[in-house]
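The chain contents come next:
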There are 2 protein chains.
Amino acid sequence: MSKPVSAQALSRMPVYLHYLKALPTDKETNISAKALGLKLGFGEIQVRKDLAAVSDAGKPKLGYSVSELISDIEAFLGYDSVNDAVLVGAGKLGRALLSYEGFKANGLNIVAAFDSDEGKCGKDESGKQILPLEKLENLCRRMKIKIGIITVPAAQAQQVCELLISGGVEAVWNFAPTHLSVPQGVILKNENMAASLAVLSKRLSDKNSANKTAQVMQGKGDPK
Amino acid sequence: MSKPVSAQALSRMPVYLHYLKALPTDKETNISAKALGLKLGFGEIQVRKDLAAVSDAGKPKLGYSVSELISDIEAFLGYDSVNDAVLVGAGKLGRALLSYEGFKANGLNIVAAFDSDEGKCGKDESGKQILPLEKLENLCRRMKIKIGIITVPAAQAQQVCELLISGGVEAVWNFAPTHLSVPQGVILKNENMAASLAVLSKRLSDKNSANKTAQVMQGKGDPK
DNA sequence: ATTCAATCGATATTCTATTATCGATATACC
DNA sequence: GGTATATCGATAATAGAATATCGATTGAAT
């Protein structure tokens, strides 16, 4: 197991995992690559290749053992060992992430949040502590936190990022709509909503202009 | 202009755009692909190729005219014409997105939100209306809304998605952690945080186990 | 005016990811 | 038990994206 996996295959893993876990346990205990692909919108060969990289739960004629597959993917993703993280920026988005219950199913545990605004500090409705920014570096170091989540406004993001890194954080998950520069060796993952939106709206406008062109070509333009 | 652009190049466009817009206007009016790439962490050839696809603001020896580049990218992305959208699911994440001021800079205008919980209905602190779900289909049709944003729990996402589509929505931006199936012709963009997280945490654990291996190979394991 | 350095844009190459092909294997049916 | 069929896994082919090469162009320096 653990053959090389592309970043794209890697990001499909949670999709498989989520679907498999939602499967009723009483029904079939096995599932084929074809069936999985059909449900998730992937090609069946891609499914096989992805799964082959992380598991050997596949048997000809039978398909994959659902339960084995689940534990293999979880092990591969490291979801069995929980990653502790801190979050910086207790604005709307930050608090939404703090309250999100789904992270723990993905092996992520946000231990505390930080904000420069003392007014926001205290216990959040999620039950988690929001602490003043001054305590960030120390807490990260003490608790050996490796993951930092940035949900501050763009203008402060770089500064916060550096603070995290000086606290020993090795991976930064950035939700601020800006580019961060990090030293070699620190992992940076941008959650870039503007990028997603660009893809979405471009596809939409392409589709619509394609329709218009088709209509023009068929003489279906506005009748005068 | 408007040569074929890959989805990946497309998602870099907002990154260029954001950086260019943040540039001080009084300083240099031009910028080279090399300088841009250095700031944003892209290769200089990639930058040139990306920009060549949407603009002809590049001049040898001078670089690109910043202002021309900005308007070319904006035009390419369709940010000059605003897209109206609705949002379904006025939970924490939904309200965070409702309040986010940055969307309008990306040509997106959320006209209203919807929720099945009547208690959440009324005016949001963002100033936008939260309406009961029953009004969704009608409003979409009346206002010719083309984009729907889904921020409901996974269990309701498919149902909401179908409601949007029956209201005439042509593009769905899904924040629910689940796979949606949409009819041919409808554009679906999943904002999959679990996928991003998987990439992040895998890279982190790879890095750490690589370090350990290196230490072992160098005889730097725990001294006994 | 001529040369030089910077930088672009187009083409070619390499690398990566997806999709197709095909032999192998496990079960079910006869 | 033998044969047919579904399905896997490995290898090969294709497609797509990133990167390198190179000639062309522009402004600056001599």
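Residues numbered from 1 in each chain as written. Chains lettered and ligands numbered in written order. Predicted model: local features only at pLDDT ≥ 70, side-chain atom pairs only at ≥ 80, totals over all residues. Heavy atoms only, no water.

A. Structural view of the interface of chain A and chain B. Taken residue by residue, the interface counts 54 residues in chain A and 54 residues in chain B. For the pair chain A and chain B, the two sides together bury roughly 4900 Å², of which 69% comes from carbon and sulfur. Among the residues chain A hides against chain B, the three largest losses belong to K92(A), L197(A) and L200(A). Together they make up 13% of the total. Our count for the chain A to chain B interface comes out at four salt bridges. E125(A) serves as the salt-bridge partner of K92(B), at 3.6 Å between the closest nitrogen and oxygen. Our enumeration of links across chain A and chain B arrives at 13 residue pairs in polar contact (both at pLDDT 80 or more). (Contact = heavy atoms within 4.5 Å. Buried area = accessible area lost by both parts, 1.4 Å probe. Salt bridge = Lys/Arg side-chain N within 4 Å of Asp/Glu carboxyl O. Polar contact = N/O pair within 3.5 Å; in protein donor to acceptor, adjacent residues only side chain to side chain.)

B. Representation of the nonpolar core in the model. Judged by nonpolar contacts, the single largest core of 44 residues is most densely connected at L108(A), I149(A), W173(A), L108(B), I149(B) and W173(B). The contacts of L108(A), once residues within four sequence positions are left out, are V82(A), N83(A), A85(A), F103(A), I147(A), I149(A), W173(A) and L197(B). (Core = buried A, V, L, I, M, F, W, Y, C linked by side-chain atoms within 4.5 Å. Buried < 20%, exposed > 50% of the residue type's maximum accessible area, 1.4 Å probe, protein only.)

C. Representation of the protein's contact with DNA strand D in the model. Taken together, 19 residues surround DNA strand D, and among them A33(A), R48(A), Y64(A), P60(B) and K61(B) come closest. Close to the protein, within 4 Å, the atoms of DNA strand D are drawn from sugar and phosphate at a rate of 69%. Within the contact set of DNA strand D, a sugar or linking oxygen lies 3.4 Å away from a side-chain nitrogen or oxygen of Q46(B). Of all the elements in the fold, those that place two or more residues in the surface near DNA strand D are β2 (58-59) and β3 (63-65) of chain A together with α1 (7-22) and α3 (44-54) of chain B. Take the surface near DNA strand D: its biggest share by element is three residues, from α3(B). When grouped by side-chain class, the residues that make up the surface near DNA strand D number six nonpolar, six polar and seven charged. (Near = heavy atom within 4 Å. Helix = DSSP H or I, 4+ residues; strand = E, 2+ residues; numbered from the N terminus. Nonpolar A, V, L, I, M, F, W, Y, C, P; charged D, E, K, R; others polar.)

D. Quick peek at the protein's contact with DNA strand C. Residues in contact with DNA strand C amount to 19 residues; listed here are only the nearest, K49(A), P60(A), A33(B), R48(B) and Y64(B). In the model, a phosphate oxygen of DNA strand C is placed 3.1 Å from a nitrogen or oxygen of the R12(A) side chain. Measuring from a sugar or linking oxygen of DNA strand C, one finds a side-chain N or O atom of Q46(A) at 3.3 Å. Within the residue set of the surface near DNA strand C, elements represented by two or more residues are α1 (7-22) and α3 (44-54) of chain A together with β2 (58-59) and β3 (63-65) of chain B. The dominant element in the surface near DNA strand C, judged by the number of residues it contributes, is α3(A), at three residues. Per-class residue counts for the surface near DNA strand C are six nonpolar, six polar and seven charged.

E. Region of interest: the pattern of salt bridges. This model, assessed by the stated rule, comprises 16 salt bridges over all chains. The residue K104(B) makes a salt bridge to E101(B) at a minimum N-O spacing of 2.9 Å.

F. The arrangement of the sheet that holds β3(A) in detail. With respect to topology, three strands assemble into an open sheet ordered β1-β3-β2 (chain A), the strand pairing being antiparallel. What marks the edges here is a single partner per strand, and that holds for β1 (30-31) and β2 of chain A. (Pairing = 2+ DSSP bridges.)

G. Seen up close, the layout of surface pockets. Estimated volume of the second largest pocket: approximately 210 Å³. Along the walls of the second largest pocket sit 14 residues, with L204(A), N208(A), S81(B), V82(B) and N83(B) positioned nearest its centre. Listing elements by their share of the lining of the second largest pocket, those giving two or more residues are α8 (193-217) of chain A together with β4 (83-88) of chain B. With four residues, the single largest contributor to the lining of the second largest pocket is α8(A). (1 Å grid on protein atoms, 1.4 Å probe; cavity = no way out; pocket = protein on both sides within 12 Å on 5 of 7 lines; lining within 4 Å. Points joined across faces, edges and corners; volume = space filled by probe spheres on them.)

H. Up close: the pairing of strand β5 (residues 108-115) of chain B. Residues and elements named next belong to chain B. Counting buried positions along β5 gives six out of eight residues, so the element sits mostly inside the fold. Note: β4 against β5, six bridges, orientation parallel. Residue D84 lies in a different strand from β5, and its bridge partner there is N109. Looking at chain direction, β5 and strand β7 (residues 129-132) are connected through three bridges and run parallel. Bridge pairing links A113 to I130 in β7.

I. Spatial organisation of helix α5 (residues 92-99) of chain B. Taken across its eight residues, α5(B) has six buried, putting it largely inside the fold. All of the buried residues in α5(B) are L93(B), G94(B), A96(B), L97(B), L98(B) and S99(B).

J. Highlighting the relation of the copies chain A and chain B. Superposing chain A onto chain B requires a rotation of 180° together with a translation of 0.0 Å along the rotation axis, leaving an RMSD of 0.1 Å. Read as a symmetry element, the transformation amounts to a two-fold axis. When each C-alpha of chain A is compared by its distance to the rotation axis, L93(A) comes out closest, at 3.2 Å. (Least-squares fit on C-alpha atoms with pLDDT ≥ 70 in both.)

K. The arrangement of the sheet that holds strand β6 (residues 122-123) of chain B in detail. All names here are of chain B. Strand order in the open sheet formed by seven strands is β6-β7-β5-β4-β8-β9-β10, and the pairing between neighbours is mixed. Pairing within the sheet leaves two strands with one partner each, and these edge strands are β6 and β10 (187-190). As judged from the four bridges shared by strand β8 (residues 147-150) and strand β9 (residues 171-174), these two strands associate in the parallel manner. The partner of I150 across the bridge, within β9, is N174.

L. Focus on the packing of aromatic side chains. Per the counting criterion, the structure on display carries eight aromatic pairs over all chains. Residues Y100(A) and F103(A) carry aromatic rings whose centres are separated by 4.9 Å and whose planes lie at 90° to one another, so their mutual orientation is edge-to-face. Residue Y100(A) is classed as partly exposed on the basis of its relative accessible area, which comes to 34%. Between the aromatic rings of W173(A) and F175(A), the centroid separation amounts to 5.0 Å while the plane-to-plane angle is 55°, which identifies the pairing as tilted. A network of ring pairs unites the aromatic residues Y100(A), F103(A), W173(A) and F175(A) as a single cluster. The cationic tip of R12(B) hangs over the ring face of F42(B); the distance from NZ or CZ to the ring centre is 6.0 Å. Above the face of the F76(A) ring, K202(B) is positioned so that its terminal group lies 4.5 Å from the ring centre. (Phe/Tyr/Trp six-rings, centres within 6.5 Å; stacked < 30°, edge-to-face > 60°. Lys NZ or Arg CZ within 6 Å of the ring centre and 35° of its normal.)

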